[in-house]
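Topology and contacts: notes
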Amino acid sequence: VQLQASGGGLVQAGGSLRLSCVASGRTFSSYVMGWFRQAPGKERDFVGTIGRTGGRTLYADSVKGRFTISADNAKNTVYLQMNSLKPEDTAVYYCAARDYRGSIHYTKAAQYDYWGQGTLVTVSS
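Here the structure is a predicted model, which is why all the values come from computation and not from measurement.

With that out of the way, let us pick up the state of the cysteines. Applying the stated criterion to the full structure yields 1 disulfide. Through a disulfide, Cys 21 is tied to Cys 95; the S-S separation comes to 2.1 Å. An S-S torsion of about 65 degrees defines the bridge between Cys 21 and Cys 95 as right-handed. With a gap of 74 residues between them, Cys 21 in strand β3 (residues 17-24) and Cys 95 in strand β9 (residues 91-99) connect regions that are remote in the sequence. Of the two residues examined, Cys 21 and Cys 95, each falls in the buried class.

This brings us to the pattern of salt bridges. It is possible for side chains bearing opposite charge to pair when their charged atoms get close. By the definition in use, this model includes 3 salt bridges. Put simply, Asp 61 and Lys 64 hold a salt bridge, and the shortest N to O gap is 3.1 Å. Ionic pairing is found between Asp 89 and Arg 66, a salt bridge with its closest N-O pair at 2.8 Å. You can see Asp 89 sitting in the loop between β8 (77-82) and β9 and its partner Arg 66 sitting in the loop between β6 (57-59) and β7 (67-72), a full 23 residues away along the chain.

In terms of nonpolar packing, the biggest core is built from 36 residues, with Leu 3, Met 33, Trp 35, Phe 67, Leu 80, Met 82 and Tyr 93 touching the most fellow members. In this view, Phe 67 contacts Arg 37, Val 47, Tyr 59, Leu 80, Gln 81, Met 82, Asn 83, Leu 85, Asp 89 and Tyr 93; residues no more than four positions away in its chain are not counted.

A word on the environment of Met 33. Note on placement: Met 33 falls in strand β4 (residues 31-38). Residue class for Met 33 comes out buried when judged on its relative accessible area of 3%. The spacing of Met 33 and Tyr 100 is 67 residues in sequence and 8.9 Å in space, taken between C-alpha atoms.

Taken in spatial order, the 4 strands make up an open sheet running β1-β3-β8-β7, and their pairing is antiparallel. Looking along the sheet, the strands with just one partner apiece sit at the ends: β1 (2-6) and β7. Neighbouring strand axes in the sheet, compared pairwise and without regard to direction, differ in orientation by 15 degrees on average. When β1 meets β3, the two strands line up antiparallel, connected through 5 bridges. Each bridged residue has a counterpart across the sheet, and for Ser 6 the counterpart in β3 is Ser 20.

Here is what the cut-offs are and how they apply
- Residues numbered from 1 in each chain as written.
- Predicted model: local features only at pLDDT ≥ 70, side-chain atom pairs only at ≥ 80, totals over all residues.
- Heavy atoms only, no water.
- Disulfide = S-S within 2.5 Å.
- Helix = DSSP H or I, 4+ residues; strand = E, 2+ residues; numbered from the N terminus.
- Buried < 20%, exposed > 50% of the residue type's maximum accessible area, 1.4 Å probe, protein only.
- Salt bridge = Lys/Arg side-chain N within 4 Å of Asp/Glu carboxyl O.
- Core = buried A, V, L, I, M, F, W, Y, C linked by side-chain atoms within 4.5 Å.
- Contact = heavy atoms within 4.5 Å.
- Pairing = 2+ DSSP bridges.
- Axes fitted to C-alpha atoms, helices over the stretch in contact; angles between N-to-C directions.

The following block contains the structure:
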């Protein structure tokens, strides 16, 4: 599976951005897709996941209520809609994929096998 993330940029606090992650290769709907972020000098942190059908999502507490993950299987694309952005959301955002095995509760980077290249989100105060 190859993943290509895009949509990052510079936004003011309180603004919104939508990131996209296009997958190619194996059947997209058989994977759990995750979003992670990594700020300078920090570890790669879990943001959220979405299940194979798009019906189930899981979010980190820090983004719950502000970020929404959705999927368009026809386009092999997963989206991360980010609203009410804060300066502390500044990071490189990565999409990731792993095989679906009945759960979407994969919150650690080491649990994912495939990674996109990352897209930088900068939120100014």
